[in-house]
Amino acid sequence: MSLDRSSSRRRISTALLGATLAAGLLLPTQAAHAATPITGSLVLAGGAVAATNSAVYGGFVTLAGSSGARIGVITAASDVPANDPNASDPATCSNSVCNGAYYVDLLKNTYGAADAQWIPIDLDHISNNSSQTVINQINSMTGFFFGGGDQSRLVQTLMKSDNSDSPALAAIRAKFTAGAAIMGTSAGTTIANGRDMVTGGESWDGLRYGPYTSISSTYPNDLSYRPEGGFNFFTSGLLDTHFAARGREGRITRLAADTGHTRAFGIDEDTALVVTNPGAANESDKVVGSHGVSIFDLRNDTVATHSGYWSIDNVKWSYLTSGDTYTPATWTASSTKPAYAPSSGTVGSRWSDVFSSPTSATAHPYQMVTMATELVNAGRSTTQYGISYESGPTFEADLTKGTGYQAWKSGSAVSFANLTTHLYVY
């Protein structure tokens, strides 16, 4: 792979961004919505949520009204039936209509919602986003479920060309503000972002080339994002999904640093971040599910050049597992698990493929989290490092038990806060 990449795509200028931030001109998308207190809640799932995951689905239904919950199911992130070769087979289909039917059945018949209905908006029915019949349907709901797929389809189907709300999205937002619960999974979670919503890419490519504002068919692994953002339901930091399984630690760190965000959240598969009082001073975020949520604190980061390539130091990484909580206003993680500070054990040799590369012949999901857990378990070691699968250049991730570090453990579940993270060329 060449060291220089020419492209007509628009790429962010970090110098220009810094000047713009300093001038106070770069504001979150739809910032006006933040003025009205939100009484609803969010269940932000990282994707691949098992149908049996009652902590996520059941928790969402409870927040939406328990046995009285009425859920509007939105699967506009999925492609339409005409593009699904298995559209006629209920067992293998994957499109907006059959996915809608799946979630309607799951939420109603497995998790006990009083009602669940598909909201008929997708790429085949964009005009329904201004249908009074559909808006009336939305207004009868106490919760909304956004399925996975491609977040750009949610932008196309539920937002206007000027990035304002369609009537349907405005109705959903009003219900959310008034107390409705919203759950998203995968793209349905990513769309909850405000400005600078991630749209694709891999960690190595992001670290090597930085972020672009459009997706490339020539370089599909490039880090891309939408500056205008998504629906702005979640305002406490950037969001990313399928996180540790796909090694996205590098890509979200680079995007956050280059776009002026001081905090980012990465939500693992079969796991959710439950957000109460979203956007308020008393917002509280709780992890539920089988894996964890990564939180990156970039308030004191140092971005530099190492051997001619981008690098970042002093990012504080926290990884919280089921039952742990995070308070955005105070930047603090907490856990009811016992504090964990083993006095023995040392780390092994250097780790490889820390960003779980999709091009590796052997899959290494959760590689960087597993490396961090090894360090947490090694009481006599204070640092560990690993390298990317890709070379030309090879990126390194260093983890250090520095200032503010702490850990908790219960059974096999290990959580930690404030591992100092350094990403640079090996």
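Residues numbered from 1 in each chain as written. Predicted model: local features only at pLDDT ≥ 70, side-chain atom pairs only at ≥ 80, totals over all residues. Heavy atoms only, no water.

Engineer: Explain the overall build of the chain to me, using residue names and the numbers behind them.
Structural biologist: Broken down by element type, the chain carries 10 helices and 20 strands. Its C-alpha atoms put the chain at 60 × 50 × 45 Å along the principal axes. The proportion of buried residues among the 426 residues of the chain is 55%. Sequence-distant contacts, at least 24 apart, represent 73% of the contacts inside the chain between residues at least 6 apart. Taken as a whole, the chain presents about 16500 Å² of accessible surface, with 51% of it coming from carbon and sulfur. When the 26 basic and 33 acidic side-chain charges of the chain are each reduced to a single mean position, those positions are 5 Å apart. (Helix = DSSP H or I, 4+ residues; strand = E, 2+ residues; numbered from the N terminus. Buried < 20%, exposed > 50% of the residue type's maximum accessible area, 1.4 Å probe, protein only. Contact = heavy atoms within 4.5 Å. Areas by Shrake-Rupley, 256 points an atom, 1.4 Å probe, with all protein chains shown as cover. Lys, Arg positive; Asp, Glu negative; His and termini not counted. Charge placed at Lys NZ, Arg CZ, Asp CG, Glu CD.)

Engineer: Got a sec to walk through the confidence of the model for the chain? Specific residues and values, please.
Structural biologist: When pLDDT is averaged along the chain, the result is 93, and 92% of the positions lie at 70 or above. Confidence drops under pLDDT 50 across residues 18-34; counting only partners more than four residues distant or on other chains, this segment forms 27 contacts. (pLDDT = per-residue confidence, 0-100.)

Engineer: Outline the state of the cysteines, listing residues and values.
Structural biologist: Evaluation of the coordinates by the stated rule reveals one disulfide. A disulfide bridge connects Cys 93 with Cys 98, and the sulfur atoms are separated by 2.4 Å. One disulfide, between Cys 93 and Cys 98, carries an S-S torsion of 130° and so falls in the right-handed class. Its relative accessible area of 13% is what places Cys 93 among the buried residues. (Disulfide = S-S within 2.5 Å.)

Engineer: Can you explain the packing of helix H4 (residues 132-139) against helix H6 (residues 167-178)? Please cite residues and give values.
Structural biologist: The contact between H4 and H6 brings their axes to 9 Å, and the two run at 15°. Regarding the angle of H4 to H6, the classification is roughly parallel. As H4 runs across H6, the sense of the crossing is right-handed. When H4 is examined against H6, the residues Ile 135, Ile 138 and Asn 139 are found in contact with a partner set consisting of Pro 167, Ala 168, Ala 171, Ile 172 and Lys 175. Among the residues making up the contact of H4 with H6, the classes are represented as six nonpolar, one polar and one charged. (Axes fitted to C-alpha atoms, helices over the stretch in contact; angles between N-to-C directions. Parallel < 35°, antiparallel > 145°, perpendicular 65-115°, else oblique. Left-handed = near helix turned anticlockwise from the far one by under 90°. Nonpolar A, V, L, I, M, F, W, Y, C, P; charged D, E, K, R; others polar.)

Engineer: For the pattern of salt bridges, give the residues involved together with the corresponding values.
Structural biologist: Within this structure, the stated rule accounts for 11 salt bridges. The partner of Arg 248 in a salt bridge is Asp 240, with the nearest N and O atoms 4.0 Å apart. Judged on exposure class, the residue Arg 248 and its partner Asp 240 are both buried. Note that Arg 246 and Glu 269 form a salt bridge whose closest N and O atoms lie 3.9 Å from each other. Of this pair, Arg 246 sits in the loop between strand E8 (238-240) and helix H9 (249-259) while Glu 269 sits in the loop between strand E9 (263-267) and strand E10 (271-276), placing them 23 residues apart in sequence. (Salt bridge = Lys/Arg side-chain N within 4 Å of Asp/Glu carboxyl O.)

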